[in-house]
Amino acid sequence: MDGTILSNVIANQTIHEAYGGVVPELASRVHQQNIVPAVQQALVNAKVDKNDIGAVAFTRGPGLLGSLLVGVSFAKAFALGKGIPLIEVNHMQAHVLAHFIDDPKPAFPFLCLTVSGGHTQIVLVKDYFDMEVVGQTNDDAAGEALDKTSKILGLPYPGGPLIDKNARLGNPDAYQFPEPQIPGLDFSFSGLKTAILYFVRDNVAKNANFVQENMNDICASVEKRVVTILLNKLKKAALQYGIKDIALAGGVSANTGLRNGLKKLGEEMGWNTFIPKFEYCTDNAAMIAIAGYYKFLKGDFVGQDIGPLAQMPF
Ligand code: KG4
Ligand code: ZN
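Attention here is on the structure that accompanies the text. (Residues numbered from 1 in each chain as written. Chains lettered and ligands numbered in written order. Predicted model: local features only at pLDDT ≥ 70, side-chain atom pairs only at ≥ 80, totals over all residues. Heavy atoms only, no water.)

Time to look at the site of ligand 1. Lining the immediate surroundings of ligand 1 are 17 residues, of which H91, G117, D147, D164 and D283 lie closest. Here an oxygen atom of ligand 1 sits 3.3 Å away from a polar atom, N or O, in the main chain of G143. G160 has a polar backbone atom sitting 3.2 Å from an oxygen atom of ligand 1. Elements with a minimum of two residues in the shell around ligand 1: α3 (91-97), α4 (142-152) and α5 (159-167). Of the residues assigned to the shell around ligand 1, the class counts are four nonpolar, 10 polar and three charged. (Near = heavy atom within 4 Å. Polar contact = N/O pair within 3.5 Å; in protein donor to acceptor, adjacent residues only side chain to side chain. Helix = DSSP H or I, 4+ residues; strand = E, 2+ residues; numbered from the N terminus. Nonpolar A, V, L, I, M, F, W, Y, C, P; charged D, E, K, R; others polar.)

It is worth spelling out the side chain of S150 at this point. Along the polypeptide, S150 turns up in helix α4. The contacts of S150, once residues within four sequence positions are left out, are L155, P156, G159 and I163. (Contact = heavy atoms within 4.5 Å.)

If you add up the space inside the second largest pocket, you get close to 340 Å³. As for the second largest pocket, its lining consists of 18 residues, and the residues nearest its centre are V227, T228, L231, G257 and G261. At the level of secondary structure, the elements contributing two or more residues to the lining of the second largest pocket comprise α7 (210-241) and α8 (256-269). Counting residues per element, the lining of the second largest pocket draws most heavily on α7, at eight residues. Considered class by class, the residues forming the lining of the second largest pocket number six nonpolar, six polar and six charged. (1 Å grid on protein atoms, 1.4 Å probe; cavity = no way out; pocket = protein on both sides within 12 Å on 5 of 7 lines; lining within 4 Å. Points joined across faces, edges and corners; volume = space filled by probe spheres on them.)

With that out of the way, let us pick up the packing of aromatic side chains. In this structure the tally under the stated criterion is 15 aromatic pairs. Relative to Y128, the ring of F100 has its centre 5.1 Å away and its plane inclined at 65°; by these criteria the two rings are edge-to-face. Placement of F100 in the loop between α3 and β3 (110-115) and of Y128 in the loop between β4 (120-127) and β5 (130-136) is noted, with a sequence separation of 28 residues between them. A residue is classified by how much of its surface remains accessible, and F100, at 3% relative accessible area, is buried. The partly exposed category is assigned to Y128, whose relative accessible area is 26%. (Phe/Tyr/Trp six-rings, centres within 6.5 Å; stacked < 30°, edge-to-face > 60°. Buried < 20%, exposed > 50% of the residue type's maximum accessible area, 1.4 Å probe, protein only.)

Moving on to the coordination of the zinc ion (ligand 2). For the zinc ion (ligand 2), the protein coordination sphere consists of H91 (NE2), H95 (NE2) and D283 (OD), at 2.0 to 2.2 Å. All donor residues of the zinc ion (ligand 2) come from one chain, and their arrangement in sequence is H-x3-H-x187-D. Taken together, the positions of H91 in helix α3 and D283 in the loop between β7 (272-274) and α9 (285-298) put the pair 192 residues apart, joining distant regions of the chain. A relative accessible area of 14% means that H91 is categorised as buried. Judged by relative accessible area, which is 46%, D283 ranks as partly exposed. (Donors = N, O, S within 2.8 Å, 3.2 Å for Na, K, Ca; no water.)

Shown next as C-alpha cells:
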C-alpha cells in the first residue's frame, strides 16, 4: 500500500435520466444492486485478492443518506469479515485530496475551489485533514444551478456536461446574466437561476423556438456567468490569504470554461494552478482511496458503531 491507484471503477446510474434528476430512493436501491459487482470489478482491475486488502475506506458523508448507508454497511461488513481497519472519509475533503493522486501536488497551505452538485466552497487547505471552508454558497450549489438551467432549457439530466458541450459552440457574450453582490467570500446562485427562468419565459413568449434556435449561445452565456462568479471570489480569496497555490475540485471542475478560465486567471495572477484529471473531478473511488490512504498512515480508524451523515462538516 503506497498511495498508487490500482483501479477506479464507477457504476453509473442511468435511471435518473427518466426523472430529470436524482431520485434519492432509486439511487440507494441502484447502489445496493451495484456495490458487490463494482467491488468485484475493482479487485479484478487491480489484480488484488480480497484477502490481501489491508483496510477499507468509505464515504461517511455529506450526501444522500440512503446511498451513503449502502456504502457504510458494505464497508463495515467487509472490514468485520476480514478483520481489517475501517476508515471514514468526508466526501468534500476527498474531492480536495484528489490532488494528491498524481504529480504535481499542491503545497500546503493552498486554496481549493470545490464545486459540485451539492456544494460550492472555497477551502483553505492547511494539511491533509486540516481544512477550513472560508467561503460557501448561501443557497444553490454551482452544479445545481447548471443542472437546473439545463432542465429549464429542456436538456436531459445530468445537465452540467451538456451545457459544457453546447457552450463550446456558442457565444459567451450573447446574453448578460446578473452577478450577485454577496459580501465576503460567499456565493449565491439562486438569483441567477431565477434570472435564467424569467429570461427563457419572456423570450419564449415572443418566439416559441427561442431556446432551440439559441441553445448554444444561452449555454455559453450561462456558463460564462457561473465561471465569473466562481473565479471572482476565488481571486478575492487568494488576495485576502496571500496564497498562490490554487486548486480546483468537484464535479463542476470538469467544466471546460472553468478549467480554461482558471488557467488564464492563474497566468495573469502568477499562481500555480492545479486542475484535476477528468476522471478525478466527478465523484470517484480513487479520491476516497487516497483520502483513506493518508488516514491509514495516521492510524485514524473508526469502529463498527459508525453510521452515515447527510451533513458532515470538516
Ligand atoms: O462532485 P459530483 O460528481 O457530485 C456531487 O458531489 O454533487 O458533481 C456533480 C455535478 C453536477 O451538478 C454536474 O452537472 C456537474 O458536476 N458537472 C459539470 C460537468 N461535469 C459534471 N458541470 C459543468 N460542466 C461539466 N463538464
Ligand atoms: Zn462530489
